[in-house]
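Coordinate analysis (summary)
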Amino acid sequence: SVSCCCKYAKLLSGREVDHRFALRHVFSAPGAVPRFLRNHERNECAALTSYPRSGNSLLRRVIEGLTGVATGSDTRPDRSLGRALLRCGFVGEGVVDDSVMVVKTHFPERSGYLKFRAHRIILVVRNPFDAIHSYFHMALTNTHNLSLTDEVFASLSDLWHDFCAHELAVWGAFHRFW
């Protein structure tokens, strides 16, 4: 499937590229599947935390490509967005045990369905206007890679303004927490 959680990422060139393929070819063998940590490799876990749509999945892809080790997440792998991430090759979706070294979370913006202990965090920060705009599209399309048409977006201007007001407060609280 060509659709991917972060199908379009603006990389160094500023052009839209399908990073699922670009990063995999740069950092690992084509088609390589990240592996889980072996018993002797297990160490302290890091939480990869961000407000939604801030680049968490892109950074997961980079980490997996550089290390060859799967990253986990505290999200439900049996829901539509979790299944989409699994189809994109995130084999650690829903895994928070010590077989992964990094676990994606949006805590405290939302609590994941699985709790885990982290010894350090990696905080991903994106411009709030870009993140909230992307989050609005994700919330209304229930996908990681589709956007509303300009006409539909314009017809939802009242909802968009209410969403922005609410999510700007959530974004601020999230970053003050960390």
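Attention here is on the structure that accompanies the text. (Residues numbered from 1 in each chain as written. Predicted model: local features only at pLDDT ≥ 70, side-chain atom pairs only at ≥ 80, totals over all residues. Heavy atoms only, no water.)

**Points about the overall build of the protein**
Looking only at helices and strands, the protein has 6 helices and 6 strands in total. Helices and strands appear in the protein in the N-to-C order β-β-α-β-α-β-α-β-β-α-α-α. Considering only contacts within the protein whose residues lie at least 6 apart along the sequence, 70% involve residues at least 24 apart. Carbon and sulfur atoms form 57% of the exposed surface of the protein, whose accessible area is close to 9700 Å². (Helix = DSSP H or I, 4+ residues; strand = E, 2+ residues; numbered from the N terminus. Contact = heavy atoms within 4.5 Å. Areas by Shrake-Rupley, 256 points an atom, 1.4 Å probe, with all protein chains shown as cover.)

**Observations regarding the side chain of H137**
Residue placement: H137 occurs in helix 4 (residues 128-141). Setting aside residues no more than four positions away along its own chain, H137 makes contact with N142, L146, S147, L148 and F153.

**As for the layout of surface pockets**
When its volume is computed, the second largest pocket comes out at roughly 200 Å³. Forming the boundary of the second largest pocket are A47, D74, T105, F107, S111, G112, L114, K115, F116, A118, I121 and W178. A class-by-class count of the residues in the lining of the second largest pocket yields 7 nonpolar, 3 polar and 2 charged. (1 Å grid on protein atoms, 1.4 Å probe; cavity = no way out; pocket = protein on both sides within 12 Å on 5 of 7 lines; lining within 4 Å. Points joined across faces, edges and corners; volume = space filled by probe spheres on them. Nonpolar A, V, L, I, M, F, W, Y, C, P; charged D, E, K, R; others polar.)

**Some words on a nonpolar patch on the surface**
A surface patch of nonpolar side chains, about 530 Å² in accessible area, is lined by F107, I121, L123, V125, F177 and W178. Looking at the secondary structure, you find V125 in the loop between strand 6 (120-124) and helix 4. (Patch = residues over 30% accessible without salt bridge, like charges linked within 9 Å, V, L, I, M, F, W, Y side chains within 5 Å. Salt bridge = Lys/Arg side-chain N within 4 Å of Asp/Glu carboxyl O.)

**Here we look at helix 6 (residues 157-177)**
An ideal rise of 1.5 Å per residue puts 30 Å on 21 residues; helix 6 measures up with 30 Å between its terminal C-alpha atoms. Looking at helix 6, one finds that the buried residues are W160, F163, C164, E167, W171, G172, F174 and H175. Relative to the axis of helix 6, the buried residues are bounded by an arc of 160° and lie together on one face. When the buried face of helix 6 is taken as reference, the exposed residues oriented beyond 90 degrees from it are D158, H161, D162, A165 and R176. Its buried side turned inward, helix 6 meets strand 3 (46-50), strand 6, helix 4 and helix 5 (150-155). (Expected span 1.5 Å × (residues − 1). Buried < 20%, exposed > 50% of the residue type's maximum accessible area, 1.4 Å probe, protein only. Arc of directions from axis to C-beta.)

**Let's talk about the nonpolar core**
Counting 12 residues, the largest nonpolar core is built from Y51, A131, I132, Y135, F136, M138, L148, W160, F163, C164, W171 and F174. The set of elements that each furnish at least two residues to this core consists of helix 4 and helix 6. Apart from the residues within four sequence positions on either side, A131 is in contact with Y51, P52, R53, S54 and R126. Ranked by size, the runner-up nonpolar core spans 6 residues in total, among them C45, A70, V96 and V103. (Core = buried A, V, L, I, M, F, W, Y, C linked by side-chain atoms within 4.5 Å.)

**Some remarks on the sheet that holds strand 5 (residues 102-105)**
Pairing is parallel in the open sheet, where 4 strands are placed in the order 4-5-3-6. Whereas interior strands pair on both sides, the edge strands pair on one side only; in this sheet they are strand 4 (72-73) and strand 6. Of the pairings in the sheet, the one linking strand 3 to strand 5 comprises 4 bridges and is parallel in character. Each bridged residue has a counterpart across the sheet, and for A46 the counterpart in strand 5 is V102. (Pairing = 2+ DSSP bridges.)

**Re the environment of S57**
Its location among the elements puts S57 in helix 2 (residues 56-67). Considered as a pair, S57 and F90 are 33 residues apart in the sequence and their alpha carbons are 8.9 Å apart.

**A short note on the packing of helix 4 against helix 6**
Where helix 4 meets helix 6, the axes come as close as 10 Å, and the angle between the chain directions of the two elements is 125°. Comparing the axis directions of helix 4 and helix 6 gives the class oblique. Remark: the crossing between helix 4 and helix 6 carries right-handed chirality. Residues P128, F129, I132, H133, Y135, F136 and L140 of helix 4 form the contact with helix 6, whose participating residues are L159, W160, F163, C164, E167, L168 and W171. Residue classes in the contact of helix 4 with helix 6 are distributed as 12 nonpolar, 1 polar and 1 charged. (Axes fitted to C-alpha atoms, helices over the stretch in contact; angles between N-to-C directions. Parallel < 35°, antiparallel > 145°, perpendicular 65-115°, else oblique. Left-handed = near helix turned anticlockwise from the far one by under 90°.)

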